[in-house]
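Working through the structure, step by step
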Amino acid sequence: MSTYQETFPVRVYYEDTDHGGVVYYANYLKFMERGRTEFLRTLGLELDIIDTDFGVQFAVTEAHVRYRMPARFNDLLDIGTSLIELAGARLAFSQQVCHRESGKVLCTATIRLACINRDGRPSRIPATLFQTLQNHLNKELI
């Protein structure tokens, strides 16, 4: 049973925070986007190459986010990313943002994406991509 997860470090910069020095809520989505991109990169899948070679992209269709605790300026965070769903033209990731020093989970999310062609229409995930992704599907979180 696969339990594959990729972790990507992120440092909180001043630009990521609000007036009170707390990470602005929408910036967690940016951190998670980086985590998903790095997840794919570790599998040898580059988003620009996927677009060039296969004519498809991945677009977020749903984001369910739960904020538990705030991150603050200069914190070092770990963005954990696991692929939990893969079917036809869709995929989903489970993600969590953890404070590296304390290990506390600050934010969790389920992000669903659709595979779309250059016209913005749903498209099946190309077979070679699908196989690579399927080999890294975290079946423990399904």
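What about the pairing of strand E4 (residues 90-99)?
Two faces make up the sheet, and in a regular strand the side chains alternate between them. Most of E4 sits out of view: 7 of its 10 residues are buried. When strand E3 (residues 76-87) meets E4, the two strands line up antiparallel, connected through 10 bridges. By the bridge assignment, Ile79 is partnered in E4 with Val97. Once E3 ends, the chain turns through 2 residues before running back antiparallel as E4, passing Gly88 with a positive phi of about 55°. The pairing of E4 with strand E5 (residues 105-117) spans 9 bridges and is antiparallel.

Let's talk about the side chain of Glu6
Relative to the helices and strands, Glu6 resides in strand E1 (residues 6-11). No salt bridge is formed by the buried Glu6, whose closest oppositely charged neighbour, Arg100, lies at an N-O distance of 10 Å. A distance of 3.1 Å separates polar atoms of two side chains, one belonging to Glu6 and the other to Tyr4. With residues near it in sequence (within four places) discarded, Glu6 still touches Glu38, Phe39, Thr42, Ile79, Gly80 and Thr81.

Some words on the packing of aromatic side chains
Throughout the structure, instances matching the rule amount to 7 aromatic pairs. Each ring, one from Tyr14 and one from Phe73, has its centre 6.2 Å from the other, and the planes form 80°; the classification is edge-to-face. Here Phe73 lies in the loop between strand E2 (56-67) and E3 and Tyr14 lies in the loop between E1 and helix H1 (27-42), a separation of 59 residues in the sequence. A relative accessible area of 63% places Tyr14 in the exposed class. Measuring from centroid to centroid gives 6.1 Å for Tyr28 and Phe31, while their planes differ by 75°, and the two rings are edge-to-face. Separated by 3 residues within a single helix, Tyr28 and Phe31 lie in helix H1, roughly one turn from each other. Note on Tyr28: relative accessible area 3%, which makes it buried. On the basis of relative accessible area, Phe31 is assigned to the buried category, the value being 1%. Through successive ring pairs, a cluster of aromatic residues spans Tyr24, Tyr25, Tyr28, Phe31 and Tyr67.

Some words on H1
The end-to-end C-alpha distance of H1, which contains 16 residues, comes to 23 Å, matching closely the 22 Å that a straight helix rising 1.5 Å per residue would cover. For H1, the set of buried residues is Asn27, Tyr28, Phe31, Met32, Gly35, Arg36, Thr37, Glu38, Phe39 and Leu40. Positioned one or two residues after H1, Gly44 has a phi angle of 85°, which is positive.

Focus: the sheet that holds E5
With antiparallel pairing, the 5 strands of this open sheet are ordered in space as E1-E3-E4-E5-E2. Across the chains shown, the open sheet's two edge strands, defined by having one partner strand only, are E1 and E2. Across the sheet, the mean angle from the axis of one strand to that of its neighbour is 25°, orientation sign disregarded. The pairing of E2 with E5 spans 11 bridges and is antiparallel. When the sheet's bridge partners are listed, Arg66 is paired in E5 with Thr108. Across the sheet, helix H3 (residues 127-134) lies against E3 and E4, angled at about 120° from E3, the strand it touches most.

Cut-offs and rules
Residues numbered from 1 in each chain as written. Predicted model: local features only at pLDDT ≥ 70, side-chain atom pairs only at ≥ 80, totals over all residues. Heavy atoms only, no water. Buried < 20%, exposed > 50% of the residue type's maximum accessible area, 1.4 Å probe, protein only. Helix = DSSP H or I, 4+ residues; strand = E, 2+ residues; numbered from the N terminus. Pairing = 2+ DSSP bridges. Lys, Arg positive; Asp, Glu negative; His and termini not counted. Salt bridge = Lys/Arg side-chain N within 4 Å of Asp/Glu carboxyl O. Polar contact = N/O pair within 3.5 Å; in protein donor to acceptor, adjacent residues only side chain to side chain. Contact = heavy atoms within 4.5 Å. Phe/Tyr/Trp six-rings, centres within 6.5 Å; stacked < 30°, edge-to-face > 60°. Expected span 1.5 Å × (residues − 1). Axes fitted to C-alpha atoms, helices over the stretch in contact; angles between N-to-C directions.

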